[in-house]
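Structural characterization, general
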Amino acid sequence: EFEYYISRWAQKGLAAYPILYLAFHGKRSEVTIGDQRLAENRVSVAELGEMLEGRCHGRMIYFAACDTLDLHGNAINAFLRKTGAVAVCGYRRDVDWLDATAFELVVMSAMQIHSMTRQGAAAMRRRIDLRAGELLGQHDVLGRRQQREQVEELEDEPDVVAAQQRERRVVE
């Protein structure tokens, strides 16, 4: 079934959908489709390269799977040459699924803005690096803002307690 859908995506009639997003569990150099215990459910990057040989011009492949691209650069370049893909994205280590989701939104946004060319891929990389840096900067600002709000709440606590005590006296 996996091969069928990969083959369908690679058809010229679907060139308007240039991003192959593979969200699976993964290990070094492979994705696992379904039950991770079964060897037949594993598809290596090299096997995927065989399935897509010469069929990915103007397209990008995103391995949203832990460790899948924990490969030597030569192996990744061989995959790109074999498939004709403009770029490949993915993870070289285990990643937290929620952090990966946030990161992938940034990546997908960049992929939608730029052309599916080498120059477009380079622009995507710059945009992703910039946006990720901005998000980290916002996190720092939010962290400081949250700390400041916590301090202000602590300073306000005696006033709140005093106001509550006054209200109780009025009611009694």
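Residues numbered from 1 in each chain as written. Predicted model: local features only at pLDDT ≥ 70, side-chain atom pairs only at ≥ 80, totals over all residues. Heavy atoms only, no water.

Okay, the overall build of the protein chain next. For the protein chain, the count of helices and strands is 5 helices and 6 strands. Mapped in sequence order, the helices and strands of the protein chain form the string α-β-β-β-β-α-β-α-β-α-α. A burial count over the protein chain gives 32% of its 172 residues as buried. Here the contacts in the protein chain between residues at least 6 apart in sequence split such that 63% fall between residues at least 24 apart. (Helix = DSSP H or I, 4+ residues; strand = E, 2+ residues; numbered from the N terminus. Buried < 20%, exposed > 50% of the residue type's maximum accessible area, 1.4 Å probe, protein only. Contact = heavy atoms within 4.5 Å.)

To continue, consider the pairing of strand E6 (residues 87–90). Regular strands have side chains that alternate between both faces of the sheet. Taken together, the 4 bridges between strand E5 (residues 60–64) and E6 define a ladder with parallel strand orientation. Considered in E6, the bridge of Ile 61 is made with Val 88. (Pairing = 2+ DSSP bridges.)

If you walk across this open sheet you meet the 3 strands as E2-E3-E4, and the pairing is antiparallel. The open sheet has two free edges, formed respectively by strand E2 (25–27) and strand E4 (42–44), since each of these has just one partner strand. Going across the sheet, the axis of each strand differs from the next one's by a mean of 25°, ignoring polarity. Of the strand pairs in this sheet, E2 and strand E3 (residues 30–32) are connected by 3 bridges, and their pairing is antiparallel. (Axes fitted to C-alpha atoms, helices over the stretch in contact; angles between N-to-C directions.)

Okay, the sheet that holds E5 next. Either a parallel or an antiparallel arrangement is found when strands of a sheet pair, and the pairing is made through backbone hydrogen bonds. Pairing in this open sheet of 3 strands is parallel, and the strands run E1-E5-E6 from one edge to the other. On the outer flanks of this sheet lie strand E1 (19–23) and E6, each paired with one strand and no other. Across this sheet, the average inter-strand angle for adjacent strands is 10°, counted without regard to direction. Against the sheet, helix H3 (residues 73–83) engages E5 and E6, with an angle of about 130° to E6. Sheet strands touched by helix H4 (residues 97–113): E1, E5 and E6. Its angle to E5, the strand with the most contacts, is close to 175°.

By themselves these figures say nothing about function.
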